[in-house]
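Structural characterization, general
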Amino acid sequence: GVDAPYIPAALGLVGLIGVAVGAIFRHRGARCPAVAAVGSGLLFLISAGWYLAATLRGKFAVWADILTTLGLNVDERLLDLGCGRGAVLLMAAKLLPDGRAIGVDLWRAVDQSGNARAVTVRNAALEGVADRVEIVTADMQTLPVPEATFDVVLSSLAIHNLPEAADRARALDAAARVLRPGEAMCIVDFHGTDAYARHLRDLGLIEVTNVPLGWRSWYGGPWAALKLVAARKPVGG
C-alpha cells in the first residue's frame, strides 16, 4: 500500500499542471515563464516519484536493517502499532518462527491505500506467516493487553496520524506499558520524533536515540525524511 496516497497524487497533479502551463507559455513565445513553469513541474514530478519509491521500496529496506540490528530471538512476542497492510509486521514475523507477531490498527484508508484488516490477514497468508501472526482492531492509545506482554514494540509511520500531542503521548504510554523490562522499542515516523524521544525519556526509558534513516526514506525529499526513535525499558521500570 501507498502511505497517505493523496500526497503523491497531489504532487503528481501539480507537476503535470506545471509542465502543461509551461507548454502554453512556450507556445505563446514567453520563454522565461515557460522554463520556470516546466522546471517547477518537473520538481514536483520528481518529488512524487521519490515519495512512491520510499513508500513502496525504501521503507522496506530501512526496516530490514532495523530488524537485523534488533537481533530478534525466534520465540519472541512482538507488537506492531498501526500495522496497516503488514509491511513491517510480516517482515518481523518471518524472523519469529516460534514466536508471535501481533498487529494493531483502526484500518483508515486515508493513512494507507487499501488499508483493511482482511487485506492484512490475506497478506500474512501469502507471506506464509499466518500461523504466527495475530491481527487486532484496536486503538493504539488503549491497548487491550496486560502490562509487560511484549519483547519488542514497533511502529512505522502511524503515531503521527493521531491528531493531538496528548493522543500521541498516550500511544507512547501504552507502548511502554506493554513492553517487558529490559526490552526494546523502535518507532519510525516523519515528524514529531523529537517529542517522542523526550516523552520516552520522561517515562524512564533508557538508551533513547533519535536518528535519520537516510535518503532511501525521503518521502518526496529531505524535508520529509524518516527518523528512528529507539529506546529500551529498564529492568525494574
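Residues numbered from 1 in each chain as written. Predicted model: local features only at pLDDT ≥ 70, side-chain atom pairs only at ≥ 80, totals over all residues. Heavy atoms only, no water.

Now for the nonpolar core. Membership of the largest hydrophobic core comes to 35 residues, with the highest contact counts inside it found for Trp 63, Leu 78, Leu 89, Val 133, Leu 154, Val 188 and Tyr 219. Looking at which element gives the most residues to this core, the answer is helix H2 (residues 31-70), with six residues. Excluding anything up to four places from it in sequence, Trp 63 contacts Val 88, Met 91, Leu 154, Ser 155, Ser 156, Cys 186 and Val 188. (Core = buried A, V, L, I, M, F, W, Y, C linked by side-chain atoms within 4.5 Å. Buried < 20%, exposed > 50% of the residue type's maximum accessible area, 1.4 Å probe, protein only. Helix = DSSP H or I, 4+ residues; strand = E, 2+ residues; numbered from the N terminus. Contact = heavy atoms within 4.5 Å.)

Reading across from one edge, S3-S2-S1-S4-S5-S7-S6 is the order of the seven strands in this open sheet, with mixed pairing throughout. The sheet is open, and its two borders are formed by strand S3 (133-137) and strand S6 (206-212), each paired with just one other strand. When the angles between neighbouring strand axes are averaged without regard to direction, this sheet yields 15°. Relative to the sheet, helix H5 (residues 165-178) contacts strand S1 (77-81), strand S4 (150-156) and strand S5 (179-189), its axis offset from that of S5 by approximately 145°. Along the sheet face, helix H6 (residues 193-202) touches S5, S6 and strand S7 (227-232) and points at about 5° away from the line of S7. (Pairing = 2+ DSSP bridges. Axes fitted to C-alpha atoms, helices over the stretch in contact; angles between N-to-C directions.)

This brings us to the pattern of salt bridges. Two side chains bearing opposite charge may form a pair once their charged atoms approach each other closely. All told, the structure shown has seven salt bridges when counted by the stated rule. Arg 232 is the partner of Glu 207 in a salt bridge, and the nearest nitrogen-oxygen pair spans 3.3 Å. A residue pair is termed long-range when its members are at least 10 positions apart, and Glu 207 in strand S6 and Arg 232 in strand S7 qualify at 25 residues. (Salt bridge = Lys/Arg side-chain N within 4 Å of Asp/Glu carboxyl O.)

Where helix H1 (residues 6-27) meets H2, the closest approach of the two axes is 7 Å, and the angle between their N-to-C directions is 160°. Taken together, H1 and H2 sit at an angle that is classed as roughly antiparallel. Crossing hand, H1 versus H2: left-handed. Looking at side-chain class alone, the contact of H1 with H2 contains 19 nonpolar, six polar and one charged residues. (Parallel < 35°, antiparallel > 145°, perpendicular 65-115°, else oblique. Left-handed = near helix turned anticlockwise from the far one by under 90°. Nonpolar A, V, L, I, M, F, W, Y, C, P; charged D, E, K, R; others polar.)

Let's shift gears to the side chain of Asn 123. Among the structural elements, Asn 123 can be located in helix H4 (residues 117-126). A residue is classified by how much of its surface remains accessible, and Asn 123, at 15% relative accessible area, is buried.

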